[in-house]
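Okay, here's what each chain looks like letter by letter:
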Amino acid sequence: MVVVVRIFLAGGTGVIGRALVPALRGAGHTVVATTRREDRIDGLRRLGADGVVVDALDPAALTNAVVDAGPDVVINQLTDLSGGSSGANARLRTEGSRNLANAIRAAGVRGVLAQSIAWAYEDGAGPATEDTPLDVEAAPPRSITVEGVMALEQAMSDSAPATILRYGTLYGPGAWYSRTGLHAEAARAGTWTPALAVTSFLHVDDAVAATVAALEWPVGPVNIVDDDPAETLEWAPRFAQAVGGLIEREALVGTHGGRPVSNARARELGWRPRWSSWRDGFAAL
Ligand SMILES: NC(=O)c1ccc[n+]([C@@H]2O[C@H](COP(=O)([O-])OP(=O)(O)OC[C@H]3O[C@@H](n4cnc5c(N)ncnc54)[C@H](OP(=O)(O)O)[C@@H]3O)[C@@H](O)[C@H]2O)c1
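- Looking at an unreviewed UniProt entry, the chain carries the name Nucleoside-diphosphate-sugar epimerase, with the source organism given as Rhodococcus maanshanensis.

Given below as structure tokens:
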């Protein structure tokens, strides 16, 4: 028997939100989804959600929106990445999460799912699990990301029983790593300079499937990544080739080493990536 859940989706119009609304509806749930833009409400309605215009940086308006929606569960898919500012995104992770946490408490929500990232772990040789400490010693600019993530995860975990979804680097429809995304455009223009690192990828469709499944998962962090962490030297030429671009060896620059990330906990919970490796996923872009 499917239990119908009433969901407040904070961030219904982003790369995950747009794909998540129909998936949640398909699983039988009802969705109230947010945007800051009135002109996106019709699009949300076409996807199957009731849209609400609200800015997460406006605490009173956000509380009113969540209380009015009366959800069982809040799904936080808020990021501020379209403008390319890690500072703006960090502000949303700190202030926006604090506001959303207060709204969740005011509405008496029974559970929370929140988008986080799988690349905030401290350095190390083996695969990072959810028990690996986050990189609290990071220097700027990485510290901006790590501190933002910590604030987000803490605020969500303090607001209600929360499952934290630590997604890998997204690729697929609507993502920067897609045929029309900004990394593809840069690769075709010969201006793409990916950092040397180990990356764990995640197809947008797999992120969505994990998020729907996570409505039944226990509290705590869960890494949602594919099975094939890889070095930039390995994946960047394949991505460039898949999108009709090129990458020169000299364009690969070193900033942070990264490390592999384990998806063992998500697998124990029953999730399997349909795109087990970015190798197949990139080829299908
Ligand atoms: N794990 C990953 O690798 C990862 C995760 C997320 C995104 N990304 C990358 O970042 C790119 C951009 O992300 P995106 O397409 O999801 O767009 P985005 O601009 O990051 O927006 C995501 C969602 O947050 C909402 N939002 C942003 N600021 C808000 C605020 N102050 N108050 C309320 N809502 C707010 C947006 O709504 P409105 O703009 O409609 O108001 C939208 O629904 C993607 O293409 C993807 O490649 C990567």
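1. Focus on the nonpolar core
Okay, so step 1: Counting 30 residues, the largest nonpolar core has L9, L20, I75, W217 and I224 as the members making the most contacts within it.
Okay, so step 2: Of all the elements in the fold, those that place two or more residues in this core are β1 (6–10), α1 (15–26), β2 (30–35), β4 (73–76), β6 (162–167), α7 (204–213) and β10 (220–224).
Okay, so step 3: At five residues, α7 tops the list of elements feeding residues into this core.
Okay, so step 4: Beyond its immediate stretch of four places on either side in the chain, W217 contacts T163, L165, A210, V222, I224, A266, L269 and W271.
Okay, so step 5: Counting residues in hydrophobic clusters, the runner-up holds 25 residues, among them L62, V74, L100 and I164.

2. Observations regarding the pairing of strand β5 (residues 111–117)
Okay, so step 1: Burial within β5 is extensive, with seven of its seven residues counted as buried.
Okay, so step 2: The side-chain alternation of β5 yields two buried faces, one formed by G111, L113, Q115 and I117 and the other by V112, A114 and S116.
Okay, so step 3: Here four bridges tie β4 to β5, and the two strands are oriented parallel to one another. Bridge pairing in β5 links I75 to L113.
Okay, so step 4: Taken together, β5, helix α5 (residues 142–159) and β6 constitute a β-α-β crossover, and its handedness is right-handed.

Basis of the calculations
Residues numbered from 1 in each chain as written. Predicted model: local features only at pLDDT ≥ 70, side-chain atom pairs only at ≥ 80, totals over all residues. Heavy atoms only, no water. Core = buried A, V, L, I, M, F, W, Y, C linked by side-chain atoms within 4.5 Å. Buried < 20%, exposed > 50% of the residue type's maximum accessible area, 1.4 Å probe, protein only. Helix = DSSP H or I, 4+ residues; strand = E, 2+ residues; numbered from the N terminus. Contact = heavy atoms within 4.5 Å. Pairing = 2+ DSSP bridges. Right-handed = clockwise from strand over helix to strand, strands pointing away.

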